[in-house]
Amino acid sequence: AQKVTQAQTEISVVEKEDVTLDCVYETRDTTYYLFWYKQPPSGELVFLIRRNSFDEQNEISGRYSWNFQKSTSSFNFTITASQVVDSAVYFCALSEADGSEKLVFGKGTKLTVNP
Amino acid sequence: GAGVSQSPSNKVTEKGKDVELRCDPISGHTALYWYRQSLGQGLEFLIYFQGNSAPDKSGLPSDRFSAERTGGSVSTLTIQRTQQEDSAVYLCASSLLPSGGINEQFFGPGTRLTVL
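These numbers come from a predicted model, not from an experiment.

So, on to the overall build of chain B. When you go through chain B residue by residue, the secondary structure sums to zero helices and eleven strands. Expressed along its principal axes, the backbone C-alpha trace of chain B runs to roughly 45 × 30 × 25 Å. Split into buried and exposed, the 116 residues of chain B put 48% on the buried side. For chain B, the share of sequence-separated contacts (at least 6 apart) that also reach a separation of at least 24 residues comes to 54%. Of the charged side chains in chain B, 10 are positive and 11 negative, and the gap between their average positions amounts to 4 Å.

Below is the structure:
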């Protein structure tokens, strides 16, 4: 069965600090996809990144970076030099390539960046 | 371009009434999904449409819930005889027909349903 665990319920940092959001997943499939979504206070989920299980290369996009490690079933998300606008709930999600395509979400991590 | 739209944005209803929630996906997106977000359960998958058919309905919590999609576009989620535990934000998402992998899903703003 698919499962995504985001152990950090809430994180609070001061602006310009780096912060890492943890995500651990469980799946029996060898082909799967991992996602991160951001949900700002306005409420709409915003897609951030998708990785497939065959690509363990880490990715950097501006201040955002993702560390995918199959050996530990983790897909962690780091924000460098955090800003107040990064305050949001961040969701990690998993989808198995079994035709259903449904996303299984973690419970989310609420990040608050204080000025 | 236009994103996923949902209506109404808020719906307050009395226990036992039926409600209909509407989703307009991004033009050209053949895949459409309904999810539910509640404080206790987080984000849960409800149903997936590819075109007008629903190959995965596994997330519908009871037979009071149904959904349809017409013309490969608009979808309606219907909840009959609403209960207080149905109170949640209902989210719709759409994506392109995947080629070589699962495409990212783009979410609408949601419909906040409150059952009194």
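Glancing now at the environment of B:H29. All names here are of chain B. With respect to the helices, strands and loops of the structure, H29 is situated in the loop between strand 3 (19-24) and strand 4 (31-38). Separated by 64 residues in the primary sequence, H29 and A93 place their C-alpha atoms 9.7 Å from one another. Residues contacting H29, with those up to four places away along its chain left out, are R69, G72, S94, S95, L96 and F106.

Once that is clear, we can look at the sheet that holds strand 3 of chain B. Sheet strands associate in pairs through backbone hydrogen bonding, adopting either a parallel or an antiparallel arrangement. Residues and elements named next belong to chain B. Overall, antiparallel pairing links the four strands, which are arranged 1-3-8-7 in an open sheet. Edge positions in the open sheet fall to strand 1 (5-7) and strand 7 (65-69), since each of these has one partner strand only. Here the strands of the sheet are splayed against their neighbours by 15 degrees on average, with no regard to which way each runs. Sheet analysis places strand 3 next to strand 8 (residues 75-79), joined by five bridges and oriented antiparallel.

All right, on to the interface of chain A and chain B then. Counting from both sides, the interface comprises 19 residues of chain A and, opposite them, 23 residues of chain B. Carbon and sulfur atoms supply 55% of the area buried between chain A and chain B, which totals about 1,800 Å² over both sides. In this assembly, chain A and chain B are joined by two salt bridges. As a salt-bridge pair, B:D56 and A:K102 come within 3.5 Å of each other at their nearest N and O atoms. Between chain A and chain B we count five residue pairs in polar contact (both at pLDDT 80 or more) in total. Those elements that provide at least two residues to the side of chain A that touches chain B are strand 5 (32-39), strand 6 (46-52) and strand 10 (88-96) of chain A. Ranked by residues supplied to the side of chain A that touches chain B, first place goes to strand 5 of chain A with four residues. Here the side of chain A that touches chain B is composed, by residue class, of nine nonpolar, four polar and six charged.

By the secondary structure assignment, A:S74 is in strand 9 (residues 74-79). A polar atom in the side chain of A:S74 sits 2.9 Å from the side chain of A:T72.

Attention now goes to the pairing of strand 10 of chain A. Residue and element names in this part refer to chain A. Within strand 10, eight of the nine residues are buried, which leaves it mostly tucked inside the rest of the structure. Note that strand 5 and strand 10 share eight bridges and pair antiparallel. Of the residues in strand 10, the one forming a bridge with Y32 is E96. One ladder, built from three bridges, connects strand 10 with strand 12 (residues 109-114); its direction is antiparallel. Across the sheet, Y90 pairs through a bridge with T109, a residue of strand 12.

Note on soluble globular proteins: their nonpolar side chains tend to be buried together. The biggest cluster of nonpolar side chains holds 23 residues, and the ones touching the most others in it are A:W36, A:F75, A:F77, A:Y90 and A:L111. Where this core is concerned, the elements lending two or more residues are strand 2 (10-14), strand 3 (19-21), strand 5, strand 8 (64-69), strand 9, strand 10 and strand 12 of chain A. Element by element, the count of residues in this core is highest for strand 10 of chain A, at four residues. Not counting chain neighbours up to four residues away, the residues in contact with A:F77 comprise A:V19, A:T20, A:L21, A:W36, A:L48, A:Y64, A:S65, A:W66 and A:Y90. Membership of the second largest hydrophobic core comes to 19 residues, among which are B:L32, B:L46, B:I79 and B:L113.

Definitions and cut-offs
Residues numbered from 1 in each chain as written. Chains lettered and ligands numbered in written order. Predicted model: local features only at pLDDT ≥ 70, side-chain atom pairs only at ≥ 80, totals over all residues. Heavy atoms only, no water. Helix = DSSP H or I, 4+ residues; strand = E, 2+ residues; numbered from the N terminus. Buried < 20%, exposed > 50% of the residue type's maximum accessible area, 1.4 Å probe, protein only. Contact = heavy atoms within 4.5 Å. Lys, Arg positive; Asp, Glu negative; His and termini not counted. Charge placed at Lys NZ, Arg CZ, Asp CG, Glu CD. Pairing = 2+ DSSP bridges. Axes fitted to C-alpha atoms, helices over the stretch in contact; angles between N-to-C directions. Buried area = accessible area lost by both parts, 1.4 Å probe. Salt bridge = Lys/Arg side-chain N within 4 Å of Asp/Glu carboxyl O. Polar contact = N/O pair within 3.5 Å; in protein donor to acceptor, adjacent residues only side chain to side chain. Nonpolar A, V, L, I, M, F, W, Y, C, P; charged D, E, K, R; others polar. Core = buried A, V, L, I, M, F, W, Y, C linked by side-chain atoms within 4.5 Å.

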